[in-house]
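As a plain string of letters, each chain reads:
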Amino acid sequence: MHKNIQKLASKTKTQFDDILIRKTRLPTLLWCFWLGIYVGFTASAAPDSWSQITDKIIPVLFVTLGIYTLVMILMATLKWFKVEVCTSTSSSLDDIIVGILMFGTPVVGAALGSVLILNMLGVNMVTVNSWLGDHGIKLAVLTVVIVTLLLLTTLVIPKVIVQAVRNSRSEQTEEEMKKRSDTLVSVIITTIQIILIFMFIMMALTELGINVTAALAGAGVIGLAIGFGAQSLVKDILAGLFIIMENQYRKGDIVTIAGQSGVVEEINLRRTTLRDVEGTYHVVPNGLIGISSNQTKQLSRINLAVNVSYSTDLDKAMAVINRVGKEMSMDPPWSSFILSPPKALRVDRLGDSGIEIRVRGETKPSRQWEVAGELRLRLKKAFDKEGIEIPFPHSKIFFGNQPPEFDKNTEPEELPK
């Protein structure tokens, strides 16, 4: 039956049932084994002298297996949450929280189970029972509520933010909306989780009889002293807040900030991290960002300078450029990237070696470089086919004074020496 259930679970989209089946396989076998023994024992004629022992042992075994099974179900739920939910967010705080819960769940389960079993066996634990009665239930309820809120934050808030970004109509493409959503999810979830953890610590300390007011007052004085020396931190946080609110750039954008260029890998209230084309990882405090240049917001632009020789028919060259750009925009592999077909804009410059024609077009964000590379390749092939020369730099060199003008009909021997 276990194998058949596992086959059915493998056909579903979620991994929860697969993880649950794996985690509960041993508890299920133990339950089958124990129930078989229990049924056989109750059906047999056991000696009356065994009754005092069995009246204690049998309930203990049921409780032990029940606690073990419950712990395994909770572990399966946390494992599924880590595999399917935490991987969809960029915040590392989710993984830390789930890791702590996966470590603490069996420890707390074993401790509470031991207390319960010892009480069932008649062991005197008045002090422990009194403490659990006064504080244990409240701490347990508080822990369950905070943990539930932490997990729901990761599970629900991303969906709410994605829907809000879609309804705002401030973005033009799916890619832009995804970048905006990922940035907001990362910042908002981390902030809410930190607040919830802080609230849990304060409430737990209050329940344990620790004077939180005095601790907060002392922390406030220390924080005020530190604050005078941490003005740059406050500046970073305020700058980060405005960057996120004004939607200056998002995760995945290619930007230039504080003299560094690269892809935005992470952004929070304190700093922005970039990865440049060489793979170097840059950490930029938000307070140092005076001007941010976003190369991939909403759209990107191709801006090429195509050189042709002075002997070229410019009308023909520009017509070829426009034709190649239009054909490329209709080619299926590239049509999904190009928003506006590349075309010859104007004669931009009369250079030393040739005439420069400005070519411009619009693409989806971050696609301009690969589209420009393909366009150069196609233009070279088209120019070769049409006999349009792409010039290379060349110079005329004279030694001494300007040479005299010669008549083409003059014989070589008559040339002045």
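Residues numbered from 1 in each chain as written. Predicted model: local features only at pLDDT ≥ 70, side-chain atom pairs only at ≥ 80, totals over all residues. Heavy atoms only, no water.

Novice: Help me understand the pairing of strand β4 (residues 281–285) in this model?
Specialist: Across a regular strand the side chains alternate sides, sitting on one face of the sheet and then on the other. Only one face of β4 is covered, namely the face carrying His 282 and Val 284; the face carrying Tyr 281, Val 283 and Pro 285 is uncovered. Examined bridge by bridge, strand β3 (residues 271–275) and β4 share five bridges and lie antiparallel to one another. Note that in β4 the partner of Thr 273 across the bridge is Val 283. Linking β3 back to β4 in an antiparallel pair, the connection comprises five residues, with Gly 279 at a positive phi of about 90°. (Buried < 20%, exposed > 50% of the residue type's maximum accessible area, 1.4 Å probe, protein only. Helix = DSSP H or I, 4+ residues; strand = E, 2+ residues; numbered from the N terminus. Pairing = 2+ DSSP bridges.)

Novice: What's the story with the pairing of strand β7 (residues 338–350) in this structure? I'm lost.
Specialist: Bridge analysis of β7 against strand β8 (residues 355–363) gives eight bridges, and the strand direction is antiparallel. Considered in β8, the bridge of Leu 350 is made with Ile 355. Between β7 and β8, which pair antiparallel one after the other, the connecting turn spans four residues.

Novice: For this particular structure, what's the right way to read the pattern of salt bridges?
Specialist: Oppositely charged side chains may form a pair once their charged atoms are brought near each other. Applying the stated criterion across every chain yields a total of 15 salt bridges. A salt bridge links Asp 348 to Arg 358, with the shortest nitrogen-to-oxygen separation between them at 2.9 Å. Of this pair, Asp 348 sits in strand β7 while Arg 358 sits in strand β8, and the two are ten residues apart along the sequence. Using a relative accessible area of 29% as the deciding quantity, one classes Asp 348 as partly exposed. The salt bridge involving Lys 380 is made with Asp 384; its shortest N-O contact spans 2.5 Å. One end of the pair, Lys 380, and the other, Asp 384, are both in helix α12 (residues 368–386), four residues apart, so they sit about a helical turn from each other. Judged by relative accessible area, which is 48%, Asp 384 ranks as partly exposed. One network of salt bridges, with partners in common, ties together Arg 346, Asp 348, Arg 349, Glu 356 and Arg 358. (Salt bridge = Lys/Arg side-chain N within 4 Å of Asp/Glu carboxyl O.)

Novice: What is the right way to look at α12 in this model?
Specialist: The end-to-end C-alpha distance of α12 is 26 Å, a good match for the 27 Å that 19 residues give at a rise of 1.5 Å each. Looking only at α12, the buried set comprises Gln 368, Val 371, Ala 372, Glu 374, Leu 375, Leu 379, Ala 382 and Phe 383. Tucked into the core, α12 has its buried residues touching β6 (300–308), α10 (314–330), α11 (332–335), β7 and β8. Directly beyond the C-terminal end of α12, a positive phi value near 75° is found at Gly 387. (Expected span 1.5 Å × (residues − 1). Contact = heavy atoms within 4.5 Å.)

Novice: Is there a simple way to explain the sheet that holds β3 in this structure?
Specialist: Pairing between the strands of a sheet comes from backbone hydrogen bonds, and it takes one of two forms, parallel or antiparallel. Sheet architecture is open: five strands sit in the order β4-β3-β2-β1-β5, paired in antiparallel fashion. Taken across any chain shown, the strands that pair with only one partner, and hence form the sheet edges, are β4 and β5 (292–294). Between one strand and the next, the sheet's axes are offset by a mean angle of 40°, whatever the strand orientation. (Axes fitted to C-alpha atoms, helices over the stretch in contact; angles between N-to-C directions.)

Novice: Mind showing me how you'd approach the packing of aromatic side chains here?
Specialist: Aromatic ring pairs are reported here in terms of the distance separating the ring centres and the angle at which the planes meet. Per the stated rule, a full pass over the model turns up seven aromatic pairs. On the basis of an interplanar angle of 40° and a centroid distance of 6.1 Å, the ring pair of Trp 34 and Tyr 38 is categorised as tilted. With Trp 34 and Tyr 38 both in helix α3 (residues 25–43), this residue pair falls four residues apart, about one helical turn. Relative accessible area serves as the criterion here: at 11%, Trp 34 is assigned to the buried category. Given a relative accessible area of 29%, Tyr 38 falls into the partly exposed group. (Phe/Tyr/Trp six-rings, centres within 6.5 Å; stacked < 30°, edge-to-face > 60°.)

Novice: What exactly am I supposed to notice about a positive patch on the surface here?
Specialist: Positive charge collects at one region of the surface, where Lys 3, Lys 7, Lys 11 and Arg 25 lie side by side. Residue placement: Lys 11 occurs in the loop between α1 (2–9) and α2 (16–23). (Patch = residues over 30% accessible without salt bridge, like charges linked within 9 Å, V, L, I, M, F, W, Y side chains within 5 Å. Areas by Shrake-Rupley, 256 points an atom, 1.4 Å probe, with all protein chains shown as cover. Lys, Arg positive; Asp, Glu negative; His and termini not counted. Charge placed at Lys NZ, Arg CZ, Asp CG, Glu CD.)

The values reported here are purely geometric and, on their own, carry no functional implication.
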